[in-house]
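Close look at the chain arrangement
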Amino acid sequence: MSAEQPSDIEVVVGRIGKPHGIRGEVTLDVRTDEPERRFAPGTTLRAEAPAGADRRPTSLTVARARWHQSTLLVTFEELEDRNAAEAVRGTVLHATIGHDEVPDDPEEYYDHQLVGLAVVDLDGTALGEVTAVVHGSAQDLLTVRTGDGRDTLVPFVSALVPEVDLAAGRLVVADRPGLVTPFPEDET
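Residues numbered from 1 in each chain as written. Predicted model: local features only at pLDDT ≥ 70, side-chain atom pairs only at ≥ 80, totals over all residues. Heavy atoms only, no water.

**Quick look at the pairing of strand β1 (residues 9-19)**
Of the pairings in the sheet, the one linking β1 to strand β6 (residues 92-97) comprises six bridges and is antiparallel in character. If you follow R15 over to β6, its bridge partner there is V92. In terms of strand pairing, β1 meets strand β2 (residues 25-30) through four bridges, oriented antiparallel. From the neighbouring strand, G14 faces β2, where its bridge partner is V30. Between β1 and β2, which pair antiparallel in sequence order, lie five residues; one of them, G21, sits at a positive phi of approximately 85°. (Pairing = 2+ DSSP bridges. Helix = DSSP H or I, 4+ residues; strand = E, 2+ residues; numbered from the N terminus.)

Written out as structure tokens, the structure is:
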């Protein structure tokens, strides 16, 4: 019996906004920390049209990407003019990443790398397991399922999560009452 190889992961990397100019260039609502990597020329992305949209491409290939002030402008090979660009407005773009791919920045992690990690406190005492990553507007939150079945949210900031050790399959939480461990008066 062979070990099952983890499959690749599909992630949302952006959503197409309004056309820019007359040659098919579009604005992009970026949903990735690595836009230069995800929108490199030649990259093919899966395109998911909004509900109720008429015949849209199922994939788009990046021809060119450039920053204009704080907006990413992208030209796709399949979009020849402003009308074609307008027709794909609202399309969500997905990239496929390998199960073993890692972000360029060693202090960043993909969600699938964190889900399933054991959670321990500063002394190494088991607290639970990461079951999800919630992307908030201020910071990301880790959902930790405790040994007694409770789900808690831990802000994914270095003051509360000082160590992530992917090789060991664990992350350290600087726990305090009410964060993962209940307040003493809440314990029964």
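Following the structure, the description resumes.
**Let's talk about the sheet that holds strand β7 (residues 118-120)**
Hydrogen bonds along the backbone pair up the strands of a sheet, which may run parallel or antiparallel. Spatially, six strands are ordered β10-β9-β8-β7-β12-β11 in an open sheet, and the strand pairing comes out mixed. Strands with a single pairing partner mark the edges of an open sheet, and in this sheet they are β10 (151-155) and β11 (163-165). Geometrically, the sheet is characterised by an average inter-axis angle of 35° between neighbouring strands, direction not taken into account. One ladder, built from five bridges, connects strand β9 (residues 140-146) with β10; its direction is antiparallel. Residue T143 lies in a different strand from β10, and its bridge partner there is L153. (Axes fitted to C-alpha atoms, helices over the stretch in contact; angles between N-to-C directions.)

Geometry only, nothing functional implied.
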